[in-house]
Amino acid sequence: MISIKDLTKVFKTKDQDVLAVDKLNLSIDKGEIYGVIGYSGAGKSTFIRLLNRLEEPTSGEIELNDQNLTGLSKSKLRVARQEIGMIFQHFNLLWSRTVFDNIAFPLEIAGVPKQKRESRVNELIDLVGLSGRGKSYPSQLSGGQKQRVGIARALANNPKVLLCDEATSALDPETTDSILDLLVDINEKLGLTIVLITHEMHVIRKICHRVAVMESGKVVESGDVLDVFLHPKEKVTKRFVDQVMGDPDRENSLDVINENYRAGEVIQLHFVGENTNQALISDVSRRFAVNVNILHGKITQTQKGAYGTMLVQIDGEETEVKQAIAYMKTTSVEVEVSPDV
Amino acid sequence: MFEQLFPNVEMEDMVEATNETLYMTSVSVAGTFILGLVLGLLLYLSGPGGIWQNKPLNWVTAAFVNVFRAIPFIILILLLFPFTDFLMGTIRGPGAALPALIIGGAPFYARLVEIALKEVDKGVIEAAKSMGARNRTIIFKVLLPESMPALISGITVTAIALISYTAVAGVIGAGGLGDFAYFYGFQRRAFDVVAFCTILIIIIVFVFQFIGDFLSRKLDKR
């Protein structure tokens, strides 16, 4: 669907050249929600603007639907852009136009006749849940409603791809969730490929199928969201995972736990996907003569299933404890003995 | 009461002078609006980061605007004598004042247009680009509508400056209330005529300001 080869962007300033995106390679499949996460300055914003050439790449190639975007002339690019919807952090609606006219704008650009425009806009207004607000001006809407207009506008010309430039970063958590639900809904209903950039792991966790982590212009880690959650390799990725899973006093509490629970073994269990449904704890305590004491736990839902960690203390006769741990290792739950994170 | 206060005021003359002022003002405001808009757009679009970014064009436009803004209006009228003669076929009467009024007003308005356009949210222009808009679409469907309230308040300010320019244009016998106040009021020591002309001009200014404010407020949906 989208394949990106050696994409590079250098900003030339008087004092120095800034390498914003550095030989980036990525391939995004049709119909998936692909998240790119990074701290500010990582180059993710430049990256997404390179995808529809709002920013001209210094070098490298972008292929979208077997069409080489980087080689297109200005006028062909304009047509190609009609197939790429984009939504923005600050919505970027025209305040001088009503909701209806804002959504009709890309259709006017594409030269859609007036009658068709009208029915299409009404369809979109319903799709994003703004029925009855067509005559309102953006200033009369809340942030979430404005983003809904942005989404409707981006979808007007039936694009193949939707680019989301920090689309929920200006919204409160509750509104963020409703916008994310809408994006998933659109992804499923229309089979639309969505590329989004964000600095919130929550967004990745909630809706993305795959994720790439960016740092200083490069993708440092990428893969299925669950894999990245489970085995974050890079430091920056671990920090992002901690945003969702984390417990700021975790380190502290592990010390406390090791102090207080000297008996038996303290182990950490990682649950991924379906095995979160297994009744592992009760299973173990029934099979072996051990006491299982739950010290800390958290399960979170991602687009590809649930993911969770749990700290437990297993106490009992040494052989029983060993057997219990050995048994747990045979299940699909990952076991980490005496975790030292 | 009226006759006691303004013994020398002849209503017929006043109506004629007012008409001349209104004629000069409205035609020159329309001309200034168009020429100023073109110059302002050129300044903005050819400027740094603009969609027609072009240093020489920007420099030439800015030079034109700055030069004509620097010339005092009374001198501009005199300078433009040959041009006015060529264009209007006369150098007297209300029509003869128009070229100078427009050329004097447009550069001033052009700067106000440039400021108004700079206020348009860059993100909105970017959004239009991301939808595949042509430059023409960006100008007529994004830049101008989004800056309209500021463009209207700008032309209101310019119109009021133009009203006082029409009074100066009296030196070439352009007619109008300023001309009338000078020749028939001041020079004949009929100060009631001067006062009455002043009152009329103030009323005209107020009306323009009111219309401008009303339109600007009406168009502003922010």
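Residues numbered from 1 in each chain as written. Chains lettered and ligands numbered in written order. Predicted model: local features only at pLDDT ≥ 70, side-chain atom pairs only at ≥ 80, totals over all residues. Heavy atoms only, no water.

Q: Pulling in residues and values, what's your account of the nonpolar core?
A: Counting 72 residues, the largest nonpolar core has Ile 4 and Phe 47 of chain A together with Leu 143 of chain B as its most contacted members. For Leu 143 of chain B, the contacting residues outside a window of four places in its chain are Tyr 44, Leu 45, Leu 117, Val 120, Ile 125 and Ile 138 of chain B. Leu 155, Ile 179, Ile 207 and Val 244 of chain A belong to the second largest nonpolar core, which has 53 residues in total. (Core = buried A, V, L, I, M, F, W, Y, C linked by side-chain atoms within 4.5 Å. Buried < 20%, exposed > 50% of the residue type's maximum accessible area, 1.4 Å probe, protein only. Contact = heavy atoms within 4.5 Å.)

Q: Describe the domain arrangement of chain A, and please don't skip the residues or the numbers.
A: All names here are of chain A. Domain boundaries in chain A define domain 1 (2–244) and domain 2 (250–337). Relative to domain 2, the C-alpha centre of domain 1 lies at a distance of 39 Å. Listed as interface residues are 14 residues of domain 1 and, on the opposing side, 13 residues of domain 2. Between domain 1 and domain 2 the total buried area reaches about 1,200 Å² when both faces are included, carbon and sulfur atoms providing 58% of it. Together, Arg 205, Leu 226 and Leu 230 form the three largest contributors to the area buried by domain 1 at its contact with domain 2, with a combined 50%. The tally of links from domain 1 across to domain 2 stands at 0 salt bridges. Summed over the shared surface of domain 1 and domain 2, the number is 1 residue pair in polar contact (both at pLDDT 80 or more). When contributions to the side of domain 1 that touches domain 2 are tallied by element, the ones reaching two or more residues are helix H6 (173–190), helix H7 (201–207) and helix H8 (225–230). Ranked by the residues each element gives to the side of domain 1 that touches domain 2, the list is headed by H8, at 4 residues. (Domains from an automatic or database assignment. Buried area = accessible area lost by both parts, 1.4 Å probe. Salt bridge = Lys/Arg side-chain N within 4 Å of Asp/Glu carboxyl O. Polar contact = N/O pair within 3.5 Å; in protein donor to acceptor, adjacent residues only side chain to side chain. Helix = DSSP H or I, 4+ residues; strand = E, 2+ residues; numbered from the N terminus.)

Q: Could you give an account of the pairing of strand S10 (residues 218–224) of chain A, with specific residues and numbers?
A: All names here are of chain A. Across 6 bridges, strand S9 (residues 210–215) lies against S10 in antiparallel orientation. Paired with Glu 215 across the strands is Lys 218, a residue of S10. Counting the residues in the hairpin turn of S9 and S10 gives 2 residues, including Ser 216, whose phi is positive at 35 degrees. (Pairing = 2+ DSSP bridges.)

Q: Run through the UniProt feature "transmembrane region" (unreviewed entry) in chain B, naming residues and quoting values.
A: All names here are of chain B. The UniProt entry lists residues 22–45, 57–81, 93–112 and 193–215 under the feature "transmembrane region" (unreviewed entry), expressed in the numbering used here. As annotated, residues 57–81 comprises 88% helix and 0% strand, and the C-alpha atoms at either end are separated by 28 Å. End C-alpha atoms of residues 193–215 are separated by 33 Å, and the span's content is 100% helix alongside 0% strand. (UniProt positions renumbered as here; feature names shortened; annotations may be inferred.)

Q: Tell me what's going on with the side chain of Thr 166 of chain B, and back it up with residues and numbers.
A: Residues and elements named next belong to chain B. Position of Thr 166 relative to the elements: it lies in helix H8 (residues 135–168). Here Thr 166 falls in the buried class, since its relative accessible area comes to 2%. Engagement of the side chain of Thr 166 in a polar contact is seen with the backbone oxygen of Ile 163, the distance being 2.5 Å. Those residues in contact with Thr 166 that sit more than four places away from it in its chain are Thr 21, Met 24, Thr 25, Leu 101 and Gly 175.

Q: Let's hear about the interface of chain A and chain B: which residues, and what values?
A: Listed as interface residues are 22 residues of chain A and, on the opposing side, 22 residues of chain B. Of the roughly 2,000 Å² buried between chain A and chain B on both sides combined, carbon and sulfur atoms contribute 60%. On the chain A side of the interface with chain B, the three residues burying the most area are Arg 78, Trp 95 and Ile 109 of chain A, jointly 34% of the side's total. At the boundary of chain A and chain B, one finds 2 salt bridges. A salt bridge links Arg 49 of chain A to Glu 126 of chain B, with the shortest nitrogen-to-oxygen separation between them at 2.5 Å. Seen at the junction of chain A and chain B, the total is 7 residue pairs in polar contact (both at pLDDT 80 or more).

Q: Just give me the short version of the UniProt feature "domain: ABC transmembrane type-1" (unreviewed entry) in chain B, but keep the residues and values in it.
A: Per the UniProt entry, the sites bearing "domain: ABC transmembrane type-1" (unreviewed entry) are residues 18–212 of chain B in this numbering. Taken as a whole, residues 18–212 of chain B contains 83% helix and 0% strand, while its terminal C-alpha atoms sit 20 Å from one another.

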